[in-house]
Amino acid sequence: MARYTSGRNQPLTHWNNLPIYLTTILTAVFVLGLIASAVLMSMRSPLLGWLVFAMPLDPGWSIWRLFSYVFVGQVSFFTPFSILFFYWLGVGIETHLGRAILSRMLLLITLVTPAMAALWWWSFGVPSNTLSVDNYMLMSGLLVAFATLYPITEAWGWIPFKWVAFACIACGSLMLLADRNWLGISQLWASCGAAFAYTRHAVELEHDDYESPLARLTLWFRRRKFSVVKSADSRPSRRGSEVSEPAEEMDRLLDKIAKSGLSSLTSAERSRLEKARQALLKREGR
């Protein structure tokens, strides 16, 4: 049964019958930040440097730059599309997983970029400036999170989102590779990896049958260490349990689909559902 079914998935309020989500507020702040950036750039104001994250960080106590840099960017022809993209992806994640999950995900993706910049500076002495990457890493992470949440949903009615995300990340990687921007490549893939891992964790945690990776690893070691030998007398009962297992597995997965939808199944559960179906068809064929 889904855990995130409370008001955290619903709009914060409505304005003229228009739902106001947390994403709506963040998009408005995002737009105001871009406008302020354009004004400061035109004035060549030194204040812009206090909002952009750069390594080495000077002064070292200006830690607000870990977050403020995402609202600073160069306005271009594609800026309106990126704003709409941010709103659309954010609302899709928020309405499925809730505001708390979206907030933590955005915070995680936001911190990955400066974390990688700091790592490269401390390891190789490579300087960096987030003004050169704008909010590209944040958008890439959101796209991967959305594609992880809706992998088979078709974009524009003909291509699954997982392939859209793959194409965008591949093109971005090739662009950075052409500039020999190794720091940018590491930031891009770290942002996408963090978004993917956190989204998968949130989706699995949404269901009652969630098992932590540590529990799965422990179970694997136990299965490798111990083996149970069945006696001849126990074979009939074992056969009977094997016959009932596909039906029970299919009933459990179908019940989960009825409650939470087909998208709630993980790839492993989809595989088990198909195996259970094949086993039942094989048994009926006999």
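Residues numbered from 1 in each chain as written. Predicted model: local features only at pLDDT ≥ 70, side-chain atom pairs only at ≥ 80, totals over all residues. Heavy atoms only, no water.

I would appreciate a short explanation of unusual backbone geometry in the present structure.
What you tend to see is this: most non-glycine residues have negative phi, and most peptide bonds are trans. The omega torsion across Met 55 and Pro 56 is 5°, close enough to zero to call that bond cis. The residue after Asp 58, namely Pro 59, is reached through a cis peptide bond having omega 0°. Within the element layout of this structure, Pro 59 appears in the loop between strand S3 (54-55) and helix H2 (65-68). Of note, the phi angle at Asn 17 is positive, near 65°, even though the residue is not glycine. (Helix = DSSP H or I, 4+ residues; strand = E, 2+ residues; numbered from the N terminus.)

Would you mind showing me how to read the environment of Thr 23 here?
Here Thr 23 lies in helix H1 (residues 22-43). Its relative accessible area of 2% is what places Thr 23 among the buried residues. In this structure, the C-alpha to C-alpha distance between Thr 23 and Gly 90, residues 67 residues apart in sequence, is 5.6 Å. Filtering out sequence-adjacent residues up to four positions away, Thr 23 remains in contact with Phe 86, Tyr 87, Gly 90, Val 91, Glu 94 and Leu 102. A polar side-chain atom of Thr 23 sits 3.4 Å from the main-chain carbonyl oxygen of Gly 90. Side-chain polar atoms of Thr 23 contact the side chain of Glu 94, separated by 2.7 Å. (Buried < 20%, exposed > 50% of the residue type's maximum accessible area, 1.4 Å probe, protein only. Contact = heavy atoms within 4.5 Å. Polar contact = N/O pair within 3.5 Å; in protein donor to acceptor, adjacent residues only side chain to side chain.)

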